[in-house]
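So the chains spell out like this:
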Amino acid sequence: MMQRTMFIDPGRCIGCQACVAACRECDSHRGRSMIHLDYIDGPLTVASMPTVCMHCEDPVAPCAEVCPADAILVTADGVVQEASKERCIGCANCVHACPFGVPKIDYEEKLQYKCNLCYDRTSVGLAPMCASVCPTGSIFYGTLEELLLARPGAAATDIVVFGEQEVRTGVAIVTPVDAHLRSVPGGMA
Amino acid sequence: MYLRVDGAGKVFGVEPRNHDINKMKLCPKGVVAYQQINHPDRLVEPLVRDGRDGPLRPASWDEALERVVSEIRRIQDTYGRDAFGVYSGSSLFTEKAYLLGKFARVALRTKHIDYNGRLCMVSAAAANKKAFGVDRAANPWSDMYETQVLLIAGANVGECFPVMTQYVWGARDRGAKLVVVDPRETAIARTADIHVPLRPGTDAAFFNGLLHVIEREGLVDDAFVAERTTGWDDVRTAVRGYTPERVADICGIDARSVEQVALLWGRAERAMAFHARGIEHHVQGTENVLSVINLVLATGQLGRAGAGYGTITGQGNGQGGREHGQKSDQLPGQRDIDDPQARAYIAGVWGVDEADIPHKGTSAVEMVHQMARGEIKGLLGICNNPLVSMPDRDRIEAGYEALEFHVQIDFFLSETAARADVVLPGTVWAEDEGVQTNAEGRVVKHNKATEPPGEARTDWWIVCEIARRLGAGDKFAFGSPREIFEELRVASKGGHADYSGITYERIEETDGLFWPVPNEGHPGTPRLFEDLRSYWPDGRFRFHPVEWHEPAEPVDEEYPLRLTSGRTVAHYLSGNQTRRIGALVEQTPRPWVEVHPSLGFEDGDPVRVITRRGGVTYPALVTEAIRSDTVFVPYHWASPVAANLLTIDALDPISKIPEFKVCACRIELGESVDLVAPPPVPPGAEPELANEREIADPRSPTAPQGRGTSEG
């Protein structure tokens, strides 16, 4: 199940966008943030949450499955890479296939871009930039054991339910401690 | 954090550092702070103005410094030494803060020096000294992990000190209950166990109410109060009138929340209280802090892991910058400038006659008002931007306009520097080394990563050079920050803020030392008061009775709403450093006014906020996360959208802090929002086009923290 990965905890997010600023510092896409930081409850609260690529495992990366140019590589360690610049045709199939709304198209460059789990860092043992700086642990990088050591009593899931469809992801979501949920609902009821 | 430096010595990026305080965590401003270093707006040569109406033009260091020195001489010879003032800041390294205090007293021999902490932490400092006899947070932040109740008052931690959030969440992970007292439902208030959304300007009533219930319920720590404190009887009498019902009425909250918070705090074995500007920026700021401290003392919550108290700093060196003598009433080591023993000791360190050290001067805002009255004719400013950050901005501008001479040291051309007669280009944090003291009282060090650009020179060199040209060179013969620090160690020795056992090397080895550190073998003092003794001669902690009163400007029929001002996470202080950085401008390009839906406006409506000082039209951010009788405007931007066009310059009679957090206003639908002016740039530099486009956007952000990334 969960390996060393990112754990997303929307309940801890303070909306500061340190992750967005840090994402721009990643050497694989300097100057452009791949993080989606949304203020989700507009007129009601200041609630916010970060969205990174969830690196879907089962079914394996819908974005890669629908790519007509075979541009999206899934590496052996389960990281769904950004579309290869040499192959991407900017068709946006991946945008429509992604259940989490992660990939975006730069229509000037006609290229897809998305979070690749800071592959230049994680592949050499460094934490992704966003998780390194996140001042709240809303984005945590490590193993489940390390997460539980830092937060006694926390729980996490790597299954998101969209109606009938379950998606098992490489990135996990921290769930409320007392919810005893195995999965979190992702789609409309 | 670490900086990434290329082969040519140029800083090009940042890498998080696992330091014991921040544990790699950064806020968005910290992540992009390195972009200041090679920013095209940097001041890279001295600028002078020929006559008041002429433009700033480049000049040599020699010409600029000679102009400064001749004007200092002329003004002091004509009007007396006190006619030239120094206004400094707490974002300076402590070496520079110390140097500015010495420069004013020894080179200028003026009593008029004060610093921008006067707009920031002085209420906390004054109250701490009154109650504890010392001005420092009582506990290291790691103590939060062991507390059962964490009370945070008037502090939007998620936006104003994001890296502290990990300690707050860490406390909750280990079972602590979180209580947040704030008129707005901030990011930490949103999920708190209890959020008390009181009216701005009613804090003392609330804390008196807590103590009322605690006393009524027999939850006072009688042994601690009897053996370790003085003044309880007066406080007990004072809080008797603050029944939960009366407090609920004053504060506009539910009486049950007074009971709930009081019982939670009163029954806890270990509880900690933290506060920031929200309760301090008031004419009753010092008393508000004392009302929190009364609660801490009455329940004996001091000197133990998980039991304690702290004030949250507003600048990187908010603590260190107020300890070593750039404050109007202070000499190094937190010494009182009117204390004969302190004067004699410091006179010895400086090699001057005790009688030649000036006595206590006036506070920052008072100094500007004295400028308007012609009592101060010349000013050296460094590390501040009062045309944005001081209250009732037009009155501040009138003070500066009345000056005969004004020199400002900065690394960007702030709104205040842009009106100076001489502007001297200084360094950013990465171009020099020096120490800072954090919110815990821990002394840490910045190392130098790169050389300053062009002809910019480090601030301490500039100050020493002016002193030398004034004929005081022998007292300012410093060749490095280390040499200044070595003198500071001696000057602080025996004072409360005793740094004498701290060396640069020891800081590197330890991730920082908590003062007092009275000798080089001393391990530092992470937690104060473990012996349950205060710093007063009798060792007792002092209660101070507090009676709540209305703010300086109560609401009335004409101005029925309360205006409160504060920060947003993408910007820092007067915005001089952050309104130029693309990522931060994109996140939050402009200010807004936060209003409750019941006031009848739509998101983005141009809403004019009017006070007795002026009116500004902002886009409305309509949210239920604010009280319906209160509106909020962030303060980081300059005129014509400055929140400080609206604020009142009423001062706390003890701390002299302005009442930024509450004044009376009314709002109405305006015609169109007032547009943001781009920050000034030096002659020849071009404003950044992308930033210009962003600030021309009249929309409000999607949330107080800025725009969401999908909203362009």
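Not measured: the values here are computed from a predicted model.

What counts, and where the lines are drawn
- Residues numbered from 1 in each chain as written.
- Chains lettered and ligands numbered in written order.
- Predicted model: local features only at pLDDT ≥ 70, side-chain atom pairs only at ≥ 80, totals over all residues.
- Helix = DSSP H or I, 4+ residues; strand = E, 2+ residues; numbered from the N terminus.
- Rg over C-alpha atoms; globule rule 2.2 N^0.38 Å.
- Buried ≥ 20, exposed ≤ 12 C-beta atoms within 10 Å, placed from the backbone.
- Contact = placed C-beta atoms within 7 Å.
- Pairing = 2+ DSSP bridges.
- Axes fitted to C-alpha atoms, helices over the stretch in contact; angles between N-to-C directions.
- Domains from an automatic or database assignment.
- Nonpolar A, V, L, I, M, F, W, Y, C, P; charged D, E, K, R; others polar.
- Left-handed = near helix turned anticlockwise from the far one by under 90°.
- Core = buried A, V, L, I, M, F, W, Y, C linked by C-beta atoms within 7 Å.
- Arc of directions from axis to C-beta.

**A look at the overall build of chain A**
Next, step 1: Of regular secondary structure, chain A possesses 6 helices and 10 strands.
Next, step 2: Its C-alpha atoms give chain A a radius of gyration of 16 Å, near enough to 16 Å, the size a compact globule of 189 residues would have.
Next, step 3: Taken along its principal axes, the extent of the C-alpha atoms in chain A is 45 × 40 × 40 Å.
Next, step 4: Expressed as a percentage of the 189 residues in chain A, the buried residues total 45%.
Next, step 5: Long-range contacts, defined as pairs at least 24 residues apart, comprise 56% of the intrachain contacts of chain A with a sequence gap of at least 6.

**Concerning the sheet that holds strand S9 (residues 194-196) of chain B**
All names here are of chain B.
Next, step 1: Reading across from one edge, S9-S8-S7-S11-S12 is the order of the 5 strands in this open sheet, with parallel pairing throughout. At either margin of the open sheet sits one strand with a lone partner, and together these are S9 and strand S12 (308-311). Across the sheet, the axes of successive neighbouring strands diverge by a mean angle of 15°, strand direction being ignored.
Next, step 2: Both strand S7 (residues 149-153) and strand S8 (residues 177-181) contribute to a ladder of 5 bridges, which runs parallel. Looking at S8, one finds that valine 149 is bridged to lysine 177.
Next, step 3: Sitting on the sheet, helix H12 (residues 255-267) touches S7, S8, S9 and strand S11 (271-275), and the angle it makes with S9 is about 125°.

**Comments concerning the domain arrangement of chain B**
All names here are of chain B.
Next, step 1: Considered domain by domain, chain B is made up of domain 1 (1-38), domain 2 (41-120 + 319-514), domain 3 (123-311) and domain 4 (561-711).
Next, step 2: Each of domain 1 and domain 4 has a C-alpha centre, and the two are 28 Å apart.
Next, step 3: With 6 residues of domain 1 in contact, the opposing surface of domain 4 contributes 9 residues.
Next, step 4: For the side of domain 1 that touches domain 4, the class distribution of residues is 3 nonpolar, 2 polar and 1 charged.

**Some remarks on the interface of chain B and chain A**
Next, step 1: Taken together, the contact pairs 40 residues of chain B with 33 residues of chain A.
Next, step 2: Elements supplying a minimum of two residues to the side of chain B that touches chain A: strand S2 (11-15), helix H1 (28-32), helix H5 (157-160), helix H6 (165-173), helix H7 (187-190) and helix H22 (582-587) of chain B.
Next, step 3: A total of 4 residues in the side of chain B that touches chain A trace back to one element, the largest contributor, which is H6(B).
Next, step 4: Its residues placed into classes, the side of chain B that touches chain A shows 19 nonpolar, 14 polar and 7 charged.

**So, the packing of helix H11 (residues 244-251) of chain B against H12(B)**
All names here are of chain B.
Next, step 1: As a packed pair, H11 and H12 sit with axes 7 Å apart at the nearest point and diverge in direction by 115°. As H11 packs across H12, the resulting crossing turns out to be right-handed. Contacts between H11 and H12 pair Pro244, Glu245, Val247 and Ala248 from the former with Ala255, Val258 and Glu259 from the latter.

**Let's talk about the sheet that holds strand S20 (residues 513-514) of chain B**
All names here are of chain B.
Next, step 1: Across the sheet, which stays open at both edges, the 3 strands sit in the order S18-S19-S20 with antiparallel pairing between neighbours. Every interior strand has two partners, whereas the edge strands, strand S18 (434-437) and S20, have only one.
Next, step 2: Relative to S20, strand S19 (residues 442-446) runs antiparallel, the two sharing 2 bridges. When the sheet's bridge partners are listed, valine 443 is paired in S20 with leucine 513.

**Looking at the environment of B:Ala271**
Next, step 1: With respect to the element layout, B:Ala271 can be found in strand S11.
Next, step 2: Along the backbone, B:Ala271 and B:Asp649 are 378 residues apart, and their C-alpha atoms lie at a distance of 35 Å.

**Structural notes on the nonpolar core**
Next, step 1: Of all hydrophobic cores here, the largest spans 285 residues; its most connected members are A:Cys19, A:Cys130, B:Leu210 and B:Val609.
Next, step 2: Counting residues per element, this core draws most heavily on helix H3 (residues 94-108) of chain B, at 9 residues.

**Comments concerning H11(B)**
Residue and element names in this part refer to chain B.
Next, step 1: For H11, the full list of buried residues reads Pro244, Val247, Ala248 and Cys251. For H11, the arc enclosing every buried residue in end-on projection is 100°, short of the 170-degree limit, so these residues lie on one face.
Next, step 2: Where the residues of H11 are buried, they touch helix H8 (203-216) and H12.
Next, step 3: Immediately beyond the C-terminal end of H11, within one or two residues, lies glycine 252, with a positive phi of roughly 70°.

**Brief notes about the pairing of S12(B)**
All names here are of chain B.
Next, step 1: Burial along S12 is two-sided: the residues Gly308 and Gly310 and Tyr309 and Thr311 are all buried.
Next, step 2: Where S11 lies against S12, 4 bridges are found, and the strand directions are parallel. Following the sheet pairing, phenylalanine 274 is matched in S12 by glycine 310.

**Re unusual backbone geometry**
Next, step 1: A:Asp58 connects to A:Pro59 through a cis peptide bond whose omega is 0°.
Next, step 2: Locating A:Pro59 in the fold gives a position in the loop between strand S4 (56-58) and helix H2 (62-65).
Next, step 3: Cis geometry marks the peptide bond from B:Trp515 to B:Pro516; its omega dihedral reads -5°.
Next, step 4: With respect to the secondary-structure elements, B:Pro516 resides in the loop between S20 and strand S21 (541-542).
Next, step 5: One non-glycine residue, B:Phe529, lies in the positive phi region at around 65°.
Next, step 6: When you line up the elements, B:Phe529 lands in the loop between S20 and S21.

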